Amino acid sequence: MTINDIARLAGTSKSTVSRVLTDNPNVNEKTRQRVLDVIQKYQYRPNSIARGLVKGGMQIIAVIVPNFRNPFYSEVIWFIERELFKLGYHMFLYCSNNDTEKERACLEMTFQYNFAGVIIISPIMQAYLQEHADSLGCPVLLLNRYIDQFSGDILTVDNFQAAYVATRHLIELGHQKIAILAADPEAYTHKDRRSGFLHALSSYQLTLPESFDCVGDLTMDGGYHVGEQLLSMKKNGPTAVFCTSDMMALGLIQAYRNADKKIPEDLSIVGFDDISIASLNGISLTTMQQPYEQIGIQAARMILKRIQNQKLPQQKVILDCKLIVRNSTAAPEPAHEM
């Protein structure tokens, strides 16, 4: 069933059917009803992409994430979609697989389909996003990254301060031999978390040995492999670790438990994100809680505000995280103290 079929059955022109489908007031009411009766009888569903192109834009927001498997992204996406739906918009989800070229291709596709806006959720600071936001084709919100040269809207959390608070928690428990397990140093969020960690050490006159400066890949496997490295240090290893993601912290916990070590007696661990399984019995991970609901709601509202008025000044919103203390941290055992 096409618009031509509807026009023929309703005894009117194709342009009149188009005006009915786009709620154009310049249609005789009897003619409008005749067209609507045919649409209802044959259960016609118009092509939403075609309608969006005709009307100058669809009420669809594209969301681009680097990894579907990371629980942080799924939590944020859930709240974004819920808020967008409340506000009359739909979400279209893409995964870039941490590939800059694929992310750019996803952006290009959203412009071709005339989507209303794009939310990019990724910590990686790709150079092409330093272009003026107007040249990107439609309103773009950067979520989970901060780029000084980007003139579009930005939403993130205070990663530096959150990492400082997490590290201070370990120091105030009495730990002095503290390692860090961070992700890609090119990722804005993890770079800032590492800086906050180092600032906390410096504030308490502590140093970071080179062997305690560890890099993972945001997966449990990455955390597990680093755990094996730390275990090989034996008595020279750390008494505590700050992880810049919960997934790596979970892998680290598993590595120590597989070696018959106890958490937190043999190693205190602080994560970052507070993913859903962090609170489960047997894990009970101390972590920095990201305000997922606030992030999702704020992201949806910011992109729609920009769509409604593209001449507004740049919006930069930085949210706070909260330390959630559970059973993975405690004072160091006397045998481990320096």
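Scope of this entry: the structure provided in the associated data block. Every value quoted in this text rests on a predicted model; they were computed, and no experiment measured them. Positions within a chain are numbered from 1, following the residues in the order the chain's sequence is written. Whole-chain, interface and lining totals are the exception, using all residues; otherwise, since this is a predicted model, local features are given only for residues with pLDDT of at least 70 and side-chain atom pairs are given and counted only at 80 or more. By convention in this description, side-chain values take in all heavy atoms of the structure and omit both hydrogens and water.

## Overview of the packing of aromatic side chains
By convention, a stacked pair of Phe, Tyr or Trp rings (six-membered ring in the case of Trp) has centres within 6.5 Å and planes under 30 degrees apart, an edge-to-face pair has planes over 60 apart, and any other such pair is tilted. All chains considered together, the criterion is met by six aromatic pairs. Ring geometry for Phe-72 against Tyr-73: centres 5.2 Å apart, planes inclined by 75 degrees, an arrangement best described as edge-to-face. Residue Phe-72 shares its accessibility class with Tyr-73, and that shared class is buried. Ring geometry for Phe-92 versus Phe-115: centroids 5.5 Å apart, planes at 50 degrees, classification tilted. Here Phe-115 lies in strand 3 (residues 115-121) and Phe-92 lies in strand 2 (residues 90-95), a separation of 23 residues in the sequence. We call a residue buried when its accessible area falls under 20% of the maximum for its residue type, exposed when it is over 50%, and partly exposed in between, using a 1.4 Å probe and counting protein chains only. On the basis of relative accessibility, which here comes to 6%, the residue Phe-115 falls in the buried class. Feature note: the residues Phe-72, Tyr-73 and Tyr-292 constitute an aromatic cluster, connected by ring pairs. In this analysis the charged atom, NZ for Lys or CZ for Arg, is taken to sit over a ring once it is within 6 Å of the ring centre and within 35 degrees of the ring normal. The positively charged end of Arg-193 is found above the aromatic ring belonging to Phe-272, 3.7 Å away from the centroid. For the purposes of this entry, the term helix denotes a DSSP run of H or I that reaches at least four residues, the term strand denotes a run of E that reaches at least two, and both are numbered from the N terminus.

## What about the packing of helix 5 (residues 71-86) against helix 11 (residues 292-308)?
Angles here are taken between N-to-C directions and fall from 0 to 180 degrees, while the axes themselves are lines fitted to C-alpha atoms, restricted in helices to the stretch in contact. Two elements in contact, helix 5 and helix 11, have axes separated by 8 Å at closest approach and are oriented at 50 degrees. Our classification of the angle between helix 5 and helix 11 gives oblique. Seen along the crossing, helix 5 lies across helix 11 with a hand that is right-handed. Counted together, Phe-72, Glu-75, Val-76, Phe-79, Ile-80, Arg-82, Glu-83 and Leu-84 of helix 5 and Tyr-292, Glu-293, Ile-295, Gly-296, Ile-297, Ala-299, Ala-300, Arg-301 and Leu-304 of helix 11 form the full contact between these two elements. The residue inventory of the contact of helix 5 with helix 11, partitioned by class, reads eleven nonpolar, one polar and five charged. For classification purposes, angles smaller than 35 degrees are called roughly parallel, those larger than 145 roughly antiparallel, those between 65 and 115 roughly perpendicular, and all remaining angles oblique. The hand of a helix crossing depends on one turn: near helix anticlockwise from the far one by less than a right angle means left-handed, and clockwise means right-handed. Contacts are residue-level and defined by heavy atoms, with any inter-residue pair within 4.5 Å sufficient. Any residue outside Ala, Val, Leu, Ile, Met, Phe, Trp, Tyr, Cys, Pro, Asp, Glu, Lys and Arg is labelled polar, Gly included; the first ten of those are nonpolar and the last four are charged.

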